[in-house]
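Analysis of the macromolecular model
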Amino acid sequence: ISYKRQRPALFVGSHQKKEYALLEIPIKLKGARKPFAHRVLLLDTSAGMKRRGLKQAVAVCQGLLKRLPKKGRFGLVAGDFKARMYSNALLPAATSSQTNGFLSRQRARGATNLEALFRAGSKLLQEQTDLIYIGDGHASVGEMDSEQLVKMVEKAIGSRKIRFSAVAIGPG
């Protein structure tokens, strides 16, 4: 897989009087195209998600956890100004249904610290992991420079087979 764009790009627009933004971060992906065994989910719970759909983001997390391979493992980090880890280690897929309580307690509040979310999530990474950010992608505290965020994620990934993806939750 390759990207035509060499530098991060931010696209902003509106549709039916609602604003949206898309942050494209080009990262060279390594590994096979089949699903990796493990997933680390980064859930944005900032105040901006209140009108943009924290409920939808939680549903996406639940769906991604339900579809884990049986032998897979998962990690879950929710965050606004601070990152809150569900566990300090990856857990077996069989226990993923137990996250519903943690997910249902999340409230849209505070600023978005993508740096804190990425740093917390990177502590859980191991070979064959999909790192998936779910949120609006708008950083308002911490590192906000997209190029620096890219460098931070690339450094955390290193030479391991890890894929980074995002699910954009917009106005709704």
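In the block above lies the structure referred to throughout.
Presented here is an overview of the structure given in this document. (Residues numbered from 1 in each chain as written. Predicted model: local features only at pLDDT ≥ 70, side-chain atom pairs only at ≥ 80, totals over all residues. Heavy atoms only, no water.)

Here we look at unusual backbone geometry
Going by this rule: Here a strand is any run of E in DSSP of at least two residues, a helix any run of H or I of at least four, and the numbering for each starts at the N terminus.
Within the chain, Gln128 stands out as a residue other than glycine whose phi angle is a positive 60°. Turning to its location among the elements, Gln128 is positioned in the loop between α4 (114-122) and β7 (129-135).

Describing the pairing of β7
Note the following rule: Each residue is assigned to one of three classes by its accessible area relative to the maximum for its type, calculated with a 1.4 Å probe on protein chains only: buried under 20%, partly exposed between the two thresholds, exposed over 50%. DSSP bridges decide pairing: two strands pair if at least two such bridges lie between them. When the strands point away from the viewer and the path from the first strand over the helix to the second turns clockwise, the crossover is right-handed.
Among the seven residues in β7, seven count as buried, and that is most of the element. Residues of β7 alternate between two faces, with Thr129, Leu131, Tyr133 and Gly135 on one and Asp130, Ile132 and Ile134 on the opposite face, all of them buried. Sheet topology places strand β3 (residues 38-44) next to β7; six bridges connect them, and they run parallel. Counted as the bridge partner of Leu42 is Tyr133 from β7. Of the strand pairs in this sheet, β7 and strand β8 (residues 162-168) are connected by seven bridges, and their pairing is parallel. Bridge pairing in β8 places Ile134 opposite Val167. Traced from β7 through helix α5 (residues 146-157) to β8, the parallel crossover comes out right-handed.

Some points on the environment of Leu42
In plain terms, the rule: Whether two residues are in contact is decided by their heavy atoms, any of which lying within 4.5 Å being enough.
Within the fold, Leu42 resides in strand β3. By relative accessible area, which is 0% here, Leu42 ends up buried. The sequence separation of Leu42 and Leu114 amounts to 72 residues, and the corresponding C-alpha distance is 9.2 Å. Setting aside its immediate chain neighbours within four residues, Leu42 contacts Val77, Leu117, Phe118, Gly121, Leu131, Ile132, Tyr133 and Ile134.

Things to note about α5
This is how it is decided: Multiplying one less than the number of residues by 1.5 Å gives the expected span of a helix. Think of it as the arc spanned by the lines of direction from the helix axis to the C-beta atoms. The term polar contact refers here to a pair of N or O atoms within 3.5 Å; inside protein, the definition further demands a hydrogen-donor-capable atom paired with an acceptor-capable atom, and it admits residues adjacent in sequence only when both atoms are side-chain atoms.
For α5, spanning 12 residues, the distance from its first C-alpha to its last is 16 Å, which sits close to the expected 16 Å at 1.5 Å a residue. Looking at α5, one finds that the buried residues are Leu149, Val150, Met152, Val153 and Ile157. Mapping the buried residues of α5 onto a view down its axis gives an arc of 160°, with all of them on the same face. Close packing links the buried residues of α5 with α4 and β8. For α5, the capping residue at the N-terminal end is Asp145, with a side-chain oxygen 3.0 Å from the backbone nitrogen of Glu147. Immediately downstream of α5, the backbone of Gly158 shows phi near 60°, a positive value.

Quick word on the side chain of Asp136
Following the sequence through the fold, Asp136 ends up in the loop between β7 and α5. There is a polar contact of 3.1 Å between the side chain of Asp136 and the backbone nitrogen of His138.

Examining the pairing of β3
Within β3, seven of the seven residues are buried, leaving the element largely enclosed by the surrounding structure. Relative to strand β4 (residues 73-79), β3 is paired through seven bridges, and the arrangement is parallel. Paired with His38 across the strands is Arg73, a residue of β4.

Some remarks on the pattern of salt bridges
Short version of the rule: By convention in these notes, a salt bridge is any Lys or Arg side-chain nitrogen within 4 Å of a carboxyl oxygen on Asp or Glu.
Applying the stated criterion across every chain yields a total of four salt bridges. Note that Arg119 is salt-bridged to Glu115, the shortest N-O span being 3.2 Å. Highlighted residues: Arg119 and Glu115, both in helix α4, separated by four residues, approximately one helical turn. We classify Arg119 as partly exposed; its relative accessible area is 45%. Glu115 sits in the partly exposed class, given a relative accessible area of 22%. Between Asp130 and Arg163 there is a salt bridge, with the nearest N and O atoms lying 2.8 Å from each other. In this pair, Asp130 is assigned in strand β7 and Arg163 in strand β8, connecting sequence segments 33 residues apart. No difference in accessibility class separates Asp130 from Arg163, as the two residues are buried. The structure contains a network of salt bridges with shared partners spanning Asp80, Arg84 and Arg109.

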